[in-house]
Amino acid sequence: MYIDCHAHVFFSPFPTESVDMDLIGKMPTPTIDFINEMISNAKKKGVNYIIGVISNPKDFPRYQEQLERENIIHVIGISRNNALNDLSKMISLLKKEIEREKPHGIGEIGLDYSYGFEGLKENEKNVFKKRQQALFKSQITLAREIDIPIVVHAGYGTDRDIVEIIKQGKAQDVGGQIHGYMSKKELVSELIDMGFYFSFGYIHPKEEELQRVIEITPMEYLLTETDSPYHIMDSPKKFILPEDVVLVAEEIARLKGIKLEDFNKQIIRNARTLFRF
Ligand SMILES: [Zn+2]
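Conventions we followed
- Residues numbered from 1 in each chain as written.
- Predicted model: local features only at pLDDT ≥ 70, side-chain atom pairs only at ≥ 80, totals over all residues.
- Heavy atoms only, no water.
- Helix = DSSP H or I, 4+ residues; strand = E, 2+ residues; numbered from the N terminus.
- Rg over C-alpha atoms; globule rule 2.2 N^0.38 Å.
- Contact = heavy atoms within 4.5 Å.
- Areas by Shrake-Rupley, 256 points an atom, 1.4 Å probe, with all protein chains shown as cover.
- Buried < 20%, exposed > 50% of the residue type's maximum accessible area, 1.4 Å probe, protein only.
- Core = buried A, V, L, I, M, F, W, Y, C linked by side-chain atoms within 4.5 Å.
- Salt bridge = Lys/Arg side-chain N within 4 Å of Asp/Glu carboxyl O.
- Phe/Tyr/Trp six-rings, centres within 6.5 Å; stacked < 30°, edge-to-face > 60°.
- Lys NZ or Arg CZ within 6 Å of the ring centre and 35° of its normal.
- Pairing = 2+ DSSP bridges.
- Axes fitted to C-alpha atoms, helices over the stretch in contact; angles between N-to-C directions.

Digging into the overall build of the protein chain
Regarding its fold elements, the protein chain presents nine helices and 10 strands. Against the 2.2 N^0.38 benchmark of 19 Å for 277 residues, the protein chain shows a C-alpha radius of gyration of 18 Å, consistent with a compact globule. In terms of overall dimensions, the protein chain has C-alpha extents of about 45 × 40 × 40 Å along its principal axes. If you take every contact in the protein chain between residues at least 6 apart in sequence, the share linking residues at least 24 apart comes to 73%. Total accessible area on the protein chain stands at roughly 12,800 Å², and carbon and sulfur atoms take up 51% of it.

Spelled out as structure tokens, the structure:
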């Protein structure tokens, strides 16, 4: 049995310019048929649980839809892409959804100082960074108020700010998941000491620095994910879907030198401990 610890099952349609048009397969659109098929294909491969992440306020109306699905563990939050919008308005929208049903985590939240920064002037970049930090801090506060873990996106160059904000906001009280981790190994033990789990996806094990990070991450703090639907550019080019967490698990279990069955059992145990289900 597998678990995909981070997937956007109810996702926004992709902006066409961000997708390589000769990708194999069709560009997913989040119709009910597509979502049903995605979940059932995953199930056929033994992916019995999916941590479903809704992190764009535009998709909040789909939270209710997601709540009605079995075997999806619900996470909701506001991603840093939205940081330039009205903060208090977004937080009150989020609170409304949380009142509907308490999620298992707040996410994905965090920082990214590269995506969306192209073409910005220096002062605009600073404003965007500050707004991302404010959004991150207010959602840590919210997670602590309702006592659920956070799901963190830690983009390139944001390591120190992530750790500082986590410490200042006392996010270690609730712990969380550093999702799709692609950064340095130096941060791993510092964040694990604060109750954070490290979650790795499909393309990552092929990178040497990341292999090192995976090697030093204790099995008790490791998670596997797809961040799907996600398009990869290596061969074959394709969209990663929750069913592909099988490939992620196989690759990381091999790196760790652990039998796949034992590996999967531990990953599910970790996810259950963190997200309390
Ligand atoms: Zn994501």
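Quick notes on the environment of Arg131
Its location among the elements puts Arg131 in helix α4 (residues 122–146). Residue class for Arg131 comes out partly exposed when judged on its relative accessible area of 32%. Between the C-alpha atom of Arg131 and that of Phe200, which follows or precedes it by 69 residues, the distance is 27 Å. Discounting chain neighbours no more than four positions away, the residues touching Arg131 are Ala83, Leu84 and Asn85.

Details of the nonpolar core
Counting residues in hydrophobic clusters, the biggest one holds 85 residues, and the most contacted among them are Val9, Phe136, Ile150, Leu191, Phe196 and Phe200. Top contributing element to this core by residue count: helix α8 (residues 245–256), with seven residues. Beyond its immediate sequence surroundings of up to four residues, Val9 is in contact with Ile35, Met38, Ile39, Ile50, Gln66 and Ile72.

Here we look at the pattern of salt bridges
Evaluated as defined, the whole model comprises 11 salt bridges. Across the salt bridge formed by Glu108 and Arg80, the nearest N and O atoms sit 3.6 Å from each other. Taken together, the residues Glu108 in strand β4 (residues 105–111) and Arg80 in the loop between β3 (72–76) and α3 (87–100) connect sequence positions 28 residues apart. When salt bridges with common partners are traced through the structure, they connect Arg80, Glu108 and Asp112 into a single cluster.

Observations regarding the packing of aromatic side chains
How two aromatic rings sit relative to each other is given by the distance of their centres and the angle of their planes. Here the structure, examined in full by the defined rule, presents six aromatic pairs. Lys129 extends its terminal NZ or CZ atom over the ring of Tyr113, reaching a point 4.9 Å from the ring centre.

Focus on unusual backbone geometry
The omega torsion of the bond from Gly107 to Glu108 falls at -10 degrees, within 30 degrees of zero and hence cis. At the junction of Ser228 and Pro229, the peptide bond is cis and its omega measures out at -10 degrees in the coordinates. Residue position: Pro229 is located in the loop between β8 (222–224) and β9 (230–232). Even without being a glycine, Asn71 presents a positive backbone phi close to 65 degrees. Topologically, Asn71 is positioned in the loop between α2 (63–67) and β3. A relative accessible area of 28% means that Asn71 is categorised as partly exposed.

Focus: the sheet that holds strand β6 (residues 176–179)
Spatially, β1-β2-β3-β4-β5-β6-β7-β8 is the arrangement adopted by the eight strands of the open sheet, whose pairing is parallel. Two strands lie at the open edges of the sheet, namely β1 (2–7) and β8, each paired on one side alone. In this sheet, neighbouring strand axes are inclined to one another by 25 degrees on average, regardless of whether the strands run parallel or antiparallel. Two elements, strand β7 (residues 196–200) and β8, share three bridges in a ladder whose sense is parallel. Looking at β8, one finds that Phe200 is bridged to Thr224. Strand contacts of helix α5 (residues 159–168): β4, β5 (150–154) and β7, with the helix running at about 135 degrees to β4, the strand carrying the most contacts.

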